[in-house]
Amino acid sequence: MRRGRSRRTAASAVPNPPRLAPRAAPIVATHTAPTNIACIKYWGKRDAKLNLPLNSSVSVTLCQDDLKAITTVVASPAFAIDRLWLNGT
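Residues numbered from 1 in each chain as written. Predicted model: local features only at pLDDT ≥ 70, side-chain atom pairs only at ≥ 80, totals over all residues. Heavy atoms only, no water.

Student: Mind showing me how you'd approach the overall build of the protein here?
Tutor: Counting its regular elements, the protein contains zero helices and seven strands. Secondary structure elements of the protein occur, N-terminal to C-terminal, as β-β-β-β-β-β-β. Within the protein, buried positions represent 11% of all 89 residues. Residue pairs in contact within the protein that sit at least 24 positions apart in sequence constitute 68% of those at least 6 positions apart. Carbon and sulfur atoms make up 56% of the accessible area of the protein, which amounts to about 7,500 Å² in all. (Helix = DSSP H or I, 4+ residues; strand = E, 2+ residues; numbered from the N terminus. Buried < 20%, exposed > 50% of the residue type's maximum accessible area, 1.4 Å probe, protein only. Contact = heavy atoms within 4.5 Å. Areas by Shrake-Rupley, 256 points an atom, 1.4 Å probe, with all protein chains shown as cover.)

Written as structure tokens, this is what we have:
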């Protein structure tokens, strides 16, 4: 099972990045996280003292080669506004 991965990317990898003031170097960080599918959700505790769940739980974490969430953050004091892009737009 793979855990989430981080990598730094060039600011050009972000769609339509805000314009920067001269000499402002943005900080760009990208992180990926695997998708997890839970088949039985948590419904409380059977024994609070032993911290045992009421129901058993089954979940599957998908391989990041097949399906993953990718988040990129760009930060700079030169940005006039905050922006958020979902699915590249």
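Student: Would you take a moment to explain unusual backbone geometry for this structure?
Tutor: Leaving glycine out, the prevailing phi sign among residues is negative, and the prevailing peptide bond configuration is trans. Phi at N51 is positive, roughly 60 degrees, even though this residue is not glycine. Looking at where N51 falls in the secondary structure, it is placed in the loop between strand 4 (45-47) and strand 5 (52-53).

Student: Can you help me understand the confidence of the model for the protein in this one?
Tutor: Low pLDDT means the predicted coordinates in that region are not meant to be read closely. On average, residues of the protein carry a pLDDT of 76, and 69% of them reach 70 or more. In the model of the protein, strand 1 (residues 5-7) stands out as the element of lowest mean pLDDT, 53, in contrast to strand 2 (residues 27-34), which has the highest, 89. (pLDDT = per-residue confidence, 0-100.)

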